[in-house]
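In case you want the letters, here they are:
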Amino acid sequence: MSSYEVGENKKKTISYWDKKIVGNGGVLNNYIKYRDAVDLDENGKPICECITCGKRISGRNLHAGHYIRRAIRSTRYDERNLAAQYAGCNNYKSGEPVVFRQRLMDQYGQDTVEELEEMMNHELAGNPRKWKTWELEEVYNDYRGALRFAKNIPIKSLKSKEK
């Protein structure tokens with residue numbers, strides 16, 4: 001059975017891989033939460049600071065927010081476009097894009113933020129990114145490996161490397 005098949009001759013679709021990557025509990029979302037963790041709770045789950053309001057969050061209130069909305073396919077799976085975000089900021093304040101942008105500039109620099117915005121503008125100009133099933137399987141596998149790695153690194157050692 002090929003890696004694209006599920007059960008009896010059912011192929012895995014773009015939608016299948018998208019849910020595995022950025023759906024609720026997806027590997028990219030979980031990777032972002034562990035990548036941005038400042039601590040772990042008693043169950044080993046990440047505690048993060050919201051990129052936009054700074055509130056310490058965990059559990060259901062912890063989202064992996066996108067600076068450029070998820071509908072833009074070219075930046076949808078780009079980890080530079082995501083950060084730990086309080087559910088209230090993500091859902092009820094439209095992700096606080098102005099503050100989010102400034103924090104990304106502080107973290108990655110102006111060139112990276114402008115690159116993400118150029119990818120968005122290219123897509124909005126009528127050139128949507130068309131993902132292939134095998135590409136999304138690779139994205140999934142890459143983030144699955146990154147998540148396994150991130151879960152096994154003590155938080156203190158991650159934070160000391162950032163200084």
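A few points about the environment of Lys132
Reasoning step 1: Note that Lys132 resides in the loop between helix 6 (110–124) and helix 7 (133–151).
Reasoning step 2: Residue Lys132 is classed as partly exposed on the basis of its relative accessible area, which comes to 47%.
Reasoning step 3: Along the backbone, Lys132 and Ile14 are 118 residues apart, and their C-alpha atoms lie at a distance of 7.2 Å.

Focus on the packing of helix 1 (residues 14–22) against helix 7
Reasoning step 1: Where helix 1 contacts helix 7, the two axes come as close as 9 Å, and the packing angle between them is 15°. It follows that helix 1 is roughly parallel to helix 7 by the angle criterion. Considering the relative orientation of helix 1 and helix 7, their crossing is left-handed. Between helix 1, through Ile14, Trp17, Lys20 and Ile21, and helix 7, the contact on the second element is made entirely by Thr133, Leu136, Glu137, Val139 and Tyr140.
Reasoning step 2: Across the contact of helix 1 with helix 7, the residue classes tally to six nonpolar, one polar and two charged.

Digging into the nonpolar core
Reasoning step 1: One finds Ile21, Leu28, Tyr31 and Tyr77 to be the most contacted residues of the largest nonpolar core, which totals 18 residues.
Reasoning step 2: Counting residues per element, the ones that place at least two in this core are helix 1, helix 2 (27–35) and helix 7.
Reasoning step 3: In terms of residue count, helix 7 provides more of this core than any other element does, six residues in total.
Reasoning step 4: With residues up to four places along the chain from it excluded, the contact list for Tyr77 reads Asp18, Ile21, Val22, Leu28, Trp131, Leu136, Val139 and Tyr143.
Reasoning step 5: Among the nonpolar cores identified, the runner-up in size contains eleven residues, and Ile68, Phe100, Met105 and Met120 belong to it.

Here we look at the pattern of salt bridges
Reasoning step 1: Per the stated rule, a full pass over the model turns up eight salt bridges.
Reasoning step 2: Among the salt bridges present, the one from Asp78 reaches Arg80, with a minimum N-O distance of 2.7 Å.
Reasoning step 3: Residue Arg80 pairs with Glu115 through a salt bridge whose shortest N-O separation is 3.2 Å. Residue Arg80 is located in the loop between helix 3 (73–76) and strand 7 (82–86), and its partner Glu115 is located in helix 6; the two are separated by 35 residues in the primary sequence.
Reasoning step 4: Salt bridges here are not isolated pairs; linked through shared partners, they connect Arg35, Asp36 and Glu79.

Analysis parameters
Sequence order as written defines the numbering, with residues in each chain counted from 1. Note on the predicted model: pLDDT of at least 70 is required for a residue's local features to be given, and 80 or more for side-chain atom pairs to be given and counted; whole-chain, interface and lining totals, by contrast, use all residues. Excluding hydrogens and water, the side-chain figures rest on all heavy atoms present in the structure. Each helix corresponds to a stretch of at least 4 residues labelled H or I by DSSP, and each strand to a stretch of at least 2 residues labelled E; elements are numbered beginning at the N terminus. Categorising residues by exposure relies on relative accessible area from a 1.4 Å probe, with only protein chains included: less than 20% of the type maximum marks a residue as buried, more than 50% marks it as exposed, and the intermediate range marks it as partly exposed. Axis definition: a line fitted to C-alpha atoms, limited for helices to the stretch in contact. Angles are taken between N-to-C directions and run from 0 to 180 degrees. Between 65 and 115 degrees an angle is taken as roughly perpendicular, under 35 as roughly parallel, over 145 as roughly antiparallel, and anywhere else as oblique. Should the near helix be turned counterclockwise from the far one by less than a right angle, the crossing is left-handed, whereas a clockwise turn marks it as right-handed. Residues are treated as being in contact if the distance between any of their heavy atoms lies within 4.5 Å. For this scheme, ten residues count as nonpolar: Ala, Val, Leu, Ile, Met, Phe, Trp, Tyr, Cys and Pro. Four count as charged, namely Asp, Glu, Lys and Arg, and the remainder, Gly too, count as polar. Buried Ala, Val, Leu, Ile, Met, Phe, Trp, Tyr and Cys residues that are joined via side-chain atoms within 4.5 Å together make up what is termed a nonpolar core. Think of a salt bridge as a Lys or Arg side-chain nitrogen and an Asp or Glu carboxyl oxygen that are within 4 Å of each other.

Purely geometric stuff here, so don't read any function into it on its own.
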